Amino acid sequence: MSIERINELRDILRRLSREYYELDAPSVSDQEYDRYMQELIELENQYPEAYDPESPTQKVGGKVLEGFNKVAHKEVMLSLGNAYNFEDLQAFDERVRNEVGNVEYVVECKIDGLAMSLIYDEGKLQMAVTRGDGTVGEDVTNNVLTIRSIPRTIEFKGPLELRGEVYMPKASFEHLNAIRRERGEDEFANPRNAAAGSIRQLDSRIAASRKLDAFWYTYVNAENDGMTTHEQCLERFAQLGFHCNEERRVCKTIQDAWDYIQEMTEKRNDLAFDIDGMVLKVNSLADQRRLGATIKTPKWAIAYKFPAEEVITKLHDIMITVGRTGKITPNAVLEPVRVAGTSVSAATLHNEDMIKAKDVRVNDFVVIRKAGDIIPEVVRALPERRETDSKPYVFPTICPICGSKLVRF
Ligand code: IVH
């Protein structure tokens, strides 16, 4: 049974990973993805005989696309372990302190963009490579050269590899979608997808028109160049002319880090770029080296993921849509409201049972959020805010399109 579940989870995770990395169209939230991954990690620990080097637990992520030259990273591009609450962060802090004693953390924004590696030599940008699967990425130099904030030449003449995140500022994203709307083209779901879609264009004139930017946060082999702390690496990058996110803080305790995270949770909507969490990094590079990494993630850093943004709005009506296969889906017609960067006026209610279970009624105030930060859904009704016009929804028995009797499966 559990072996079956392991196989099932591996299939699910492969599909979700493909949706995320290759199609730029995730169908579930990061939290859901992480839950599947956690379940699989636990089961694989319980059943070591099911070990498979091809399991999603052993891979960092995406896959290399056709069309760009493939480049092997000199050093694998790792991902980050996740935390969802203070307890997770305390557990991380305890592991770190048990290993290396007292530490301070740099807490910085988790930019919702596309991981990128830049390689300089003799003062010139030689190559820009995407993360790909962490081991092999794509040479997207021509597209990256269209990003104005990335210097083509720097005063440091030695070999230098730095890594960071290419992103689309919220304003550029709004502008791009407005143009696409005017032209009747499909809009991008969020700035991350728009940035990824721009970087993977083979024609770099398209990337050039997309107004991308980037933040840099990893100095590969920094100690070889005399760096001793992460903070010092960031200062060095800024000196060399790279954009480093100024919104960061050195914290001496995990409580200080948590206080800063709370501050940023309030502030995130006012930033010019999307962030999906905060990253804690041990500041001392020597301690980072002593802590090391697992196959996928460093032990000296962790990502705190923000919960999906939830907003309240009024549900004016429930409308039925009929899918290609004849499947009936109820949809909430909402008072338009902004959620996670875009205006939302409709949200799925999934099915009749969901409406009943959540006791969602017409004219109720409801909480909505975007699943996978893309598909708006009704989370729950707010019965305490119900007014006299609230009325239970009666599910149709006849198909609103063809008039035939509806059948439940
Ligand atoms: S550090 C070994 N710092 O989040 C350290 N990553 O979920 C690896 N990301 O692959 C990354 N903002 O693409 C780091 N301030 C930040 C980040 C950041 C965004 C991305 C990065 C990474 C992913 C992990």
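In case you missed it, the structure is sitting above this.
Residues numbered from 1 in each chain as written. Predicted model: local features only at pLDDT ≥ 70, side-chain atom pairs only at ≥ 80, totals over all residues. Heavy atoms only, no water.

(A) Here's a closer look at the overall build of the chain. For the chain, the count of helices and strands is 11 helices and 18 strands. Relative to the compact-globule value of 22 Å for 409 residues, the chain shows a C-alpha radius of gyration of 24 Å, a close match. Pairs at least 24 apart in sequence give 69% of the contacts found in the chain among residues at least 6 apart. Surface exposure of the chain reaches about 21,000 Å², of which carbon and sulfur atoms provide 50%. Side chains of the chain give 55 positive and 67 negative charges; the mean places of these two sets differ by 4 Å. (Helix = DSSP H or I, 4+ residues; strand = E, 2+ residues; numbered from the N terminus. Rg over C-alpha atoms; globule rule 2.2 N^0.38 Å. Contact = heavy atoms within 4.5 Å. Areas by Shrake-Rupley, 256 points an atom, 1.4 Å probe, with all protein chains shown as cover. Lys, Arg positive; Asp, Glu negative; His and termini not counted. Charge placed at Lys NZ, Arg CZ, Asp CG, Glu CD.)

(B) Region of the structure containing the pattern of salt bridges. Under the counting rule described, the total for this entry stands at 29 salt bridges. Lys267 is the salt-bridge partner of Glu247, the closest N and O atoms lying 2.6 Å from each other. Taken together, the positions of Glu247 in the loop between helix H8 (230-240) and strand S9 (248-251) and Lys267 in helix H9 (residues 254-267) put the pair 20 residues apart, joining distant regions of the chain. In this structure Glu247 comes out as buried when scored by relative accessible area, which is 18%. Among the residues examined, Lys267 registers a relative accessible area of 36% and is labelled partly exposed. (Salt bridge = Lys/Arg side-chain N within 4 Å of Asp/Glu carboxyl O. Buried < 20%, exposed > 50% of the residue type's maximum accessible area, 1.4 Å probe, protein only.)

(C) Just the site of the ligand, in detail. Lining the immediate surroundings of the ligand are 14 residues, of which Glu108, Cys109, Ile111, Glu165 and Lys281 lie closest. At a separation of 3.0 Å, a nitrogen atom of the ligand approaches a polar backbone atom of Cys109. In this structure, Tyr217 approaches the ligand through a side-chain N or O atom, which is 3.3 Å from a nitrogen atom. Protein burial of the ligand: of its 530 Å² of free accessible surface, 89% is covered by the chains. With 4 residues, strand S3 (residues 105-111) is the single largest residue contributor to the shell around the ligand. Residue composition of the shell around the ligand, grouped by class: 8 nonpolar, 1 polar and 5 charged. (Near = heavy atom within 4 Å. Polar contact = N/O pair within 3.5 Å; in protein donor to acceptor, adjacent residues only side chain to side chain. Nonpolar A, V, L, I, M, F, W, Y, C, P; charged D, E, K, R; others polar.)

(D) Geometry of the sheet that holds S9. Ordered by their spatial adjacency, 5 strands build an open sheet running S2-S11-S10-S3-S9, and the pairing between neighbours is mixed. Edge strands, defined here as strands with exactly one partner in the open sheet, are strand S2 (82-83) and S9. Sheet topology note: the S3/strand S10 (residues 275-282) ladder contains 7 bridges and is antiparallel. The residue of S10 that forms the bridge with Cys109 is Met278. Along the sheet, H9 contacts S3, S9, S10 and strand S11 (301-305); its crossing angle with S10, the most-contacted strand, is approximately 160°. (Pairing = 2+ DSSP bridges. Axes fitted to C-alpha atoms, helices over the stretch in contact; angles between N-to-C directions.)

(E) Focus on the pairing of strand S16 (residues 365-371). Of all 7 residues that make up S16, 6 are buried, and the element is covered over most of its length. When strand S12 (residues 311-322) meets S16, the two strands line up antiparallel, connected through 4 bridges. Along S16, the bridge assignment pairs Lys314 with Phe365. Bridge analysis of S16 against strand S17 (residues 375-381) gives 6 bridges, and the strand direction is antiparallel. Residue Arg369 lies in a different strand from S17, and its bridge partner there is Glu377.

(F) Main features of helix H2 (residues 30-46). Here H2 spans 24 Å end to end across 17 residues, near enough to the 24 Å set by a 1.5 Å rise per residue. Every buried residue of H2 is listed here: Gln31, Asp34, Met37, Leu40, Leu43 and Glu44. (Expected span 1.5 Å × (residues − 1).)

(G) Structural detail: the sheet that holds strand S7 (residues 160-167). Within the open sheet, the 4 strands sit side by side as S5-S4-S7-S8. Their pairing is antiparallel. Edge positions in the sheet fall to strand S5 (124-130) and strand S8 (213-219), since each of these pairs with one other strand and no more. With strand direction ignored, the average angle separating the axes of adjacent strands in the sheet is 30°. Across 6 bridges, strand S4 (residues 114-121) lies against S5 in antiparallel orientation. Residue Tyr120 lies in a different strand from S5, and its bridge partner there is Leu125. On top of the sheet, helix H6 (residues 191-199) reaches S4, S5 and S7; it is set at about 45° to S4, its chief contact. The strands that H8 touches are S7 and S8; relative to S8, the one it contacts most, it runs at about 135°.

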